[in-house]
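Each chain, letter by letter, is given below.
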Amino acid sequence: MGDEAQHVHFEEATDGIKNNDIVVKQKSLKKIEIQLGFLKIHHVYEVSFVMSRSVFVADVAGYEQNDEPVPNINCRMIGIDQEGDNVVVEIKFKALKEKLVREKIVLKTENDEVVLEFVARVLGKGKGTPMLRSGIKCVEVQQDPEETEASDWQGFD
């Protein structure tokens, strides 16, 4: 082999993660998966992302979140706007449980519906602070229900 140095080269991934953007994937004609990356438990996030206008048949301003049969309280659409050939969607996302979290919402008009599924890896207490992807900002930190300051214990006399 001699004095030549050995080098290993890796191909760059092309999945959109390197630039720290939210990853939007079209899973089927009317189903979109939005990958939010790492979030922290008991935090509320405002998420803004861009997706293709081609998924929507009607004017995007007419789409509303469908709350039937059960409303999704952890993931709520707060805005939708068209910008050229793209649609900007804003949601409020509550990370209330650890591990891989999938929250689904349905945007609906009278004759069309689009399913958005949000996927996030939620870090538990003491697991570090995640670097948020572009378009995600923390708007609230909620009290951990297992960490309560209210106690029945009166202390020593």
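These figures come from a predicted structure and were not determined experimentally. (Residues numbered from 1 in each chain as written. Predicted model: local features only at pLDDT ≥ 70, side-chain atom pairs only at ≥ 80, totals over all residues. Heavy atoms only, no water.)

Draft legend 1. Examining the overall build of the protein chain more closely. A tally of regular secondary structure across the protein chain gives zero helices and nine strands. The secondary structure elements of the protein chain, listed N-terminal to C-terminal, are β-β-β-β-β-β-β-β-β. Contacts in the protein chain between residues at least 24 apart in sequence constitute 66% of all its contacts with a sequence separation of at least 6. (Helix = DSSP H or I, 4+ residues; strand = E, 2+ residues; numbered from the N terminus. Contact = heavy atoms within 4.5 Å.)

Draft legend 2. Examining the sheet that holds strand S1 (residues 23-28) more closely. Here we have five strands laid out as an open sheet, ordered S1-S2-S8-S7-S4, and mixed in their pairing. Edge positions in the sheet fall to S1 and strand S4 (64-65), since each has one partner strand and no second. Of the strand pairs in this sheet, S1 and strand S2 (residues 31-40) are connected by five bridges, and their pairing is antiparallel. Each bridged residue has a counterpart across the sheet, and for Lys25 the counterpart in S2 is Glu33. (Pairing = 2+ DSSP bridges.)

Draft legend 3. A look at the pattern of salt bridges. Scanning the model with the defined rule gives seven salt bridges in all. Close ionic contact of Glu117 with Lys31 constitutes a salt bridge, the shortest N to O distance being 3.7 Å. You can see Glu117 sitting in strand S8 (residues 113-123) and its partner Lys31 sitting in strand S2, a full 86 residues away along the chain. Accessibility expressed as a relative area gives 11% for Glu117, which makes it buried. Here Lys108 ties to Glu113 by a salt bridge, and the two come within 3.9 Å at their closest N and O atoms. Relative accessible area serves as the criterion here: at 35%, Lys108 is assigned to the partly exposed category. (Salt bridge = Lys/Arg side-chain N within 4 Å of Asp/Glu carboxyl O. Buried < 20%, exposed > 50% of the residue type's maximum accessible area, 1.4 Å probe, protein only.)

Draft legend 4. Examining the environment of Met51 more closely. By secondary structure assignment, the location of Met51 is in strand S3 (residues 43-52). Among the residues examined, Met51 registers a relative accessible area of 4% and is labelled buried. Contacts of Met51, omitting those with residues within four sequence positions, involve Val24, Ile32, Phe56, Asn86, Val87, Val89 and Leu116.

Draft legend 5. Just the nonpolar core, in detail. Counting 31 residues, the largest nonpolar core has Leu36, Phe56, Phe93, Leu116 and Phe118 as its most contacted members. Not counting chain neighbours up to four residues away, the residues in contact with Leu36 comprise Ile22, Val47, Phe93, Phe118, Val119, Ala120, Arg133 and Ile136. (Core = buried A, V, L, I, M, F, W, Y, C linked by side-chain atoms within 4.5 Å.)

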